[in-house]
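# Structure assessment
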Amino acid sequence: MSFSNDVKNELTRLEDIKPCCQKAELFGLLKLSGAVSLTGSGIGIKFSTENAALARHALHLLKDNFNVQTEVIVTRSRRLKKNNKYQVQVIPNKEVRVALQDLKLLEPVMEGKKHLLGKQCCRKAFLRGAFLAGGSVSKPVSDYHLELVTESEDIALLLQKNMQGFSLPAKITDRKRDYVVYLKEGDAITDFLSVIGAHHALLEFENIRVVKEMRNNVNRRVNCETANLGKIVQAAVRQLNAIKYIDEVSGISKLSEPLREAARLRQEYPESSVQELAQLAQDQPSKSGFNHRLRRLEYIATKLGMEEENV
Ligand SMILES: [Zn+2]
């Protein structure tokens, strides 16, 4: 099962949700995946999902808060691996009007905000409902990504504003006909899971994330050390070639004392760092001073006719 579904299943099992928050959650649920249906018998409400637990949850929220009659229609998929679809329907009757009125489903989004999202607890519940209906989050083994998808630009902006109210750096992009409100940072996703009350999922997310980041850090360090080691070895090989060339062409003895000593030390200690060699030299030059002598040897070898590619 996907991580998104783990999160959703956890959210549908939350208990002791305050009545104010239940309505705010319904508002989020229905604004993202619901529809108002108009038939010969009147106005109804529809909500569809592929998650059975979520269908049950929506049904309970509707029935606990409004005196409505509901039914669930299951569309079984004929294709293997495709999920069944559950459609929760509120059967048209005069109670539906109360629900529509209370949840501000026929009015502009800002009306819903004004009446249902005044309290912080309710703003959290709204985000929970929105995630249940239109959200997904990837496991942190791949990239960090959490998104809420809606067809309405107004809803997208409201979600973004709400998330920003919880210091979540939400951005909006469009995808075909949809607006996608998303988070791209591990910390922000953890915070979002905390805001909507998915505490088990949050822990799972953090556990995977810690392991992933530890592995990345180790890889980075190993790469870095290998790269440095590579450079040191390359430089030493270059210096040894240069010294050998000078010796063959004109003889090491022709060099000045400091250069002769540098050449001898490098040949005696081919694996030592420049720092270590500098400490062995008679006059104890600085690391960069000793490095200058080694570079000088390479320079002289080139001047004596050593091919650049052999250097
Ligand atoms: Zn509340």
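Calculation notes
- Residues numbered from 1 in each chain as written.
- Predicted model: local features only at pLDDT ≥ 70, side-chain atom pairs only at ≥ 80, totals over all residues.
- Heavy atoms only, no water.
- Helix = DSSP H or I, 4+ residues; strand = E, 2+ residues; numbered from the N terminus.
- Rg over C-alpha atoms; globule rule 2.2 N^0.38 Å.
- Buried < 20%, exposed > 50% of the residue type's maximum accessible area, 1.4 Å probe, protein only.
- Contact = heavy atoms within 4.5 Å.
- Donors = N, O, S within 2.8 Å, 3.2 Å for Na, K, Ca; no water.
- Tetrahedral: all angles 85-135°; square planar, octahedral: opposite > 155°, others 65-115°.
- Phe/Tyr/Trp six-rings, centres within 6.5 Å; stacked < 30°, edge-to-face > 60°.
- Lys NZ or Arg CZ within 6 Å of the ring centre and 35° of its normal.
- Pairing = 2+ DSSP bridges.
- Axes fitted to C-alpha atoms, helices over the stretch in contact; angles between N-to-C directions.
- Core = buried A, V, L, I, M, F, W, Y, C linked by side-chain atoms within 4.5 Å.
- Polar contact = N/O pair within 3.5 Å; in protein donor to acceptor, adjacent residues only side chain to side chain.
- Salt bridge = Lys/Arg side-chain N within 4 Å of Asp/Glu carboxyl O.
- Domains from an automatic or database assignment.

### Here's the deal with the overall build of the protein
- Of the regular secondary structure elements, the protein holds twelve helices and eight strands.
- Against the compact-globule benchmark of 19 Å for 311 residues, the protein has a radius of gyration of 34 Å, which places it well outside the compact range.
- In terms of overall dimensions, the protein has C-alpha extents of about 110 × 45 × 30 Å along its principal axes.
- A total of 311 residues make up the protein; the buried ones form 42% of that total.
- The long-range share in the protein, meaning contacts at least 24 apart out of those at least 6 apart in sequence, stands at 64%.

### As for the coordination of the zinc ion
- Binding of the zinc ion to the protein goes through Cys20 (SG), Cys21 (SG), Cys121 (SG) and Cys122 (SG), at separations of 2.3 to 2.4 Å.
- Angles of 99 to 125° at the metal separate the four donor atoms of the zinc ion, which places the site in the tetrahedral class.
- Mapped onto the polypeptide sequence, the residues donating to the zinc ion form the spacing pattern C-C-x99-C-C. Taken as a pair, Cys20 in helix H2 (residues 19–33) and Cys122 in helix H6 (residues 120–134) lie far apart in primary sequence, 102 residues in all.

### Description of the environment of Lys119
- Tracing the chain through its elements places Lys119 in the loop between helix H5 (109–116) and H6.
- On a C-alpha basis, the gap between Lys119 and Thr39 in space is 35 Å, while along the polypeptide they are 80 residues apart.

### Structural notes on the packing of aromatic side chains
- Enumeration over the complete set of coordinates arrives at four aromatic pairs.
- Between Phe131 and Phe192 the ring centres are 6.0 Å apart and the planes differ by 55°, which places this aromatic pair in the tilted class. Taken together, the positions of Phe131 in helix H6 and Phe192 in helix H8 (residues 186–195) put the pair 61 residues apart, joining distant regions of the chain.
- Relative accessible area serves as the criterion here: at 0%, Phe131 is assigned to the buried category.
- Among the residues examined, Phe192 registers a relative accessible area of 0% and is labelled buried.
- Cluster of aromatic residues (ring-pair linked, three or more members): Phe3, Tyr144 and Phe205.
- Sitting above the plane of the Phe131 ring, Lys8 keeps its charged end 5.7 Å from the centroid.

### Regarding the sheet that holds strand S1 (residues 34–39)
- Taken in spatial order, the four strands make up an open sheet running S1-S2-S4-S3, and their pairing is antiparallel. Each end of this open sheet is capped by a strand with a single partner; those strands are S1 and strand S3 (70–75). When the angles between neighbouring strand axes are averaged without regard to direction, this sheet yields 25°.
- As defined by bridge partners, S1 adjoins strand S2 (residues 42–49) across six bridges and the pair is classed as antiparallel. Paired with Gly34 across the bridge in S2 is Phe47.

### A short note on the nonpolar core
- Val7 and Phe192 are the most contacted members of the largest nonpolar core, which has 64 residues in total.
- Looking at this core element by element, the count peaks at eight residues for H6.
- Ile243, Leu259, Leu277 and Leu294 belong to the second-largest nonpolar core, a separate cluster that totals 19 residues.

### Things to note about the environment of Ser138
- Within the secondary structure, Ser138 sits in the loop between strand S5 (135–137) and strand S6 (146–150).
- Taking the C-alpha atoms as reference points, Ser138 and Ala53, separated by 85 residues in sequence, lie 20 Å from one another.
- When near neighbours in sequence (up to four residues on either side) are disregarded, Ser138 contacts Phe3, Asp143, Tyr144, His145 and Phe205.
- Among the polar contacts listed, one links the side chain of Ser138 to the backbone oxygen of Asp143, at a separation of 3.0 Å.

### Digging into unusual backbone geometry
- Located in the positive-phi region is Ser167, a residue other than glycine, with phi close to 60°.
- A positive phi is found at Gln284, a non-glycine position, where the angle reads about 50°.
- Take Gln284: it is sitting in the loop between helix H11 (274–280) and helix H12 (287–303).

### Side note on the pattern of salt bridges
- Considering all chains together, one arrives at eleven salt bridges under this definition.
- Notably, a salt bridge pairs Glu25 with Arg128, separated by 3.0 Å at the nearest N-O pair. Placement of Glu25 in helix H2 and of Arg128 in helix H6 is noted, with a sequence separation of 103 residues between them.
- In this structure, the salt-bridge partner of Glu111 is Lys114, at a minimum N-O distance of 3.5 Å. Residue Glu111 and its partner Lys114 are both found in helix H5; the two are separated by three residues, about one turn of the helix.

### Regarding the domain arrangement of the protein
- If you check the domain split of the protein, you get domain 1 (3–197) and domain 2 (225–310).
- Each of domain 1 and domain 2 has a C-alpha centre, and these two points are 70 Å apart.

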